[in-house]
Amino acid sequence: MPSRFSDAFRAHPQQQLKHPDFTSLHELPDSYAWNQRDDPSPETFATESVPLVDLNDPNALQGIGHACKTWGIFQVTNHGISTSLLDMVEHTCRSLFSLPVHQKLKAARSPDGVSGYGFARISSFFSKLMWSEGFTIVGPPDEHFRQLWPQDFSYHCDVIKEYKEEMKKLAGRLMWLMLGSLGIIAKEDIKWAGPKTDFKEASAALQLNYYPACPDPDRAMGLAPHTDSTLLTILYQNSTSGLQVFKEGAGWVAVPPVPGGLVINVGDLMHILSNGSYQSVLHRAMVNRSHHRLSSAYLYGPPSTVEISPHPKLVGPTHPPLYRPVTWNEYLHTKAKHFNKALSSVRV
Ligand SMILES: C=C1C[C@]23C[C@@]1(O)CC[C@H]2[C@@]12CCC[C@@](C)(C(=O)O1)[C@H]2[C@@H]3C(=O)O
Ligand SMILES: O=C(O)CCC(=O)C(=O)O
Ligand SMILES: [Fe+2]
């Protein structure tokens, strides 16, 4: 699986950018100043807010379906992930990003690789740099973590392994809720869900993000606008806000942290599977003058050999398939080449 992801990036290696020590920058360098912020439309302040769904609510399925159609994003509570595990993940993130730059660079992502420390992959599509650092984990983190923490790497490995297991269970549950709302309810409907319908063979990547406090936050960008290539993404954000989503007619809308809550994004592959019913949400992360921000994104997709296409139940004479079948690996390849034109490039 890890090798499959790297296959997608081998043809589009990322240029090696110099990693700054953000704490030493007291003014925003010009290379980080996003004058127009390259926004798709002018920023507005919306009165609407992203839906919040209590997973214990008997109407959760309907709430999720509506959120996926109108927003492509929602927050969940009562999701079953313990606060103590979320705290431990936050502690591991904090510990990782507060290491000296030379130490973090020992676990740097190689130009054509997928795992490790570095700038967001999408950096190459923008002329300005992003005010953030990232660490991508695909497969076991042991090798990289041993470089970062020669003494206590096994503690951090255990935290990440447990988090990935719990995230996988939650993602499987969310899959059935999201699909259920489209009338896709039986195990025959999604064969790759497996005999126990637990999506055991699903693939995933964990992206840890760090947004240092910034001397000029209004001109900086933490993570530029993008959609995730996934079926769904489960995002944990610490108590500092920064995530914004773009909603047609409303503009950029903030997604404030809900204590103990998790943010769920619809990704491009889910948009394809739903034959365009569910929106993959355009989102970005802004930065803060006095507080740093941490987030962890669990990027969830199908097993490497599975082709995702508009589900037969959602296709008919009046609803022709809008997209051709595509594997996640093939789609990541397309995304690495075409970025925000990737979806239209797989349209029939
Ligand atoms: C599986 C993946 C999805 C992702 C590329 C990656 O190989 C691992 C990092 C993911 C991420 C996180 C930040 C935004 C994003 C667009 C990026 O550049 O790296 C996503 C990628 C994606 O969803 O396409
Ligand atoms: O930090 C955030 O709020 C967003 C992170 C994100 O979009 C990602 O990792 O894909
Ligand atoms: Fe994202």
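Cut-offs and rules
Residues numbered from 1 in each chain as written. Chains lettered and ligands numbered in written order. Predicted model: local features only at pLDDT ≥ 70, side-chain atom pairs only at ≥ 80, totals over all residues. Heavy atoms only, no water. UniProt positions renumbered as here; feature names shortened; annotations may be inferred. Buried < 20%, exposed > 50% of the residue type's maximum accessible area, 1.4 Å probe, protein only. Helix = DSSP H or I, 4+ residues; strand = E, 2+ residues; numbered from the N terminus. Pairing = 2+ DSSP bridges. Right-handed = clockwise from strand over helix to strand, strands pointing away. Donors = N, O, S within 2.8 Å, 3.2 Å for Na, K, Ca; no water. Contact = heavy atoms within 4.5 Å. Near = heavy atom within 4 Å. Polar contact = N/O pair within 3.5 Å; in protein donor to acceptor, adjacent residues only side chain to side chain.

With an unreviewed UniProt entry as reference, the protein is termed gibberellin 3beta-dioxygenase, source organism Gossypium hirsutum. Entered under Sequence similarities (unreviewed entry) in the UniProt record, the comment concerning the protein runs "Belongs to the iron/ascorbate-dependent oxidoreductase family. GA3OX subfamily."

Draft legend 1. Highlighting the pairing of strand β2 (residues 73-77). Buried residues dominate β2, accounting for 5 of its 5 residues. Of the two faces of β2, both are covered, the one formed by Ile73, Gln75 and Thr77 as well as the one formed by Phe74 and Val76. For strand β1 (residues 52-54) and β2, the ladder comprises 3 bridges, and the chain directions are parallel. Bridge assignment links Leu52 to a residue of β2, and that residue is Gln75. For the handedness criterion, the β-α-β arrangement of β1, helix α2 (residues 60-70) and β2 is classed as right-handed. Where β2 lies against strand β10 (residues 262-266), 4 bridges are found, and the strand directions are antiparallel. Paired with Ile73 across the bridge in β10 is Asn265.

Draft legend 2. Examining the coordination of the iron ion (ligand 3) more closely. Listed as protein donors to the iron ion (ligand 3) are His226 (NE2), Asp228 (OD) and His283 (NE2); their distances from the metal cover 2.1 to 2.3 Å. Donor residues binding the iron ion (ligand 3) come from one chain and are separated in sequence as H-x1-D-x54-H. Of this pair, Asp228 sits in the loop between β6 (223-226) and β7 (232-237) while His283 is found in strand β11 (residues 283-285), placing the two residues 55 residues apart along the sequence. Among the residues examined, Asp228 registers a relative accessible area of 8% and is labelled buried.

Draft legend 3. Representation of the side chain of Ser295. For Ser295, the location among the structural elements is in strand β12 (residues 293-301). Dropping the residues within four chain positions of it, Ser295 is found in contact with Gln207, Leu208, Asn209, Tyr211, Leu235, Tyr236 and Gln237.

Draft legend 4. Local environment of the site of ligand 2. Close to ligand 2 lie Gln207, Asn209, Tyr211, Leu223, His226, Asp228, Leu235, Leu243, His283, Arg293, Ser295 and Ala297. Tyr211 places a polar side-chain atom, nitrogen or oxygen, 2.7 Å from an oxygen atom of ligand 2. Separating an oxygen atom of ligand 2 from a side-chain N or O atom of His226 is a distance of 3.2 Å. Secondary structure elements with two or more residues in the shell around ligand 2: β5 (203-211), β6 and β12.

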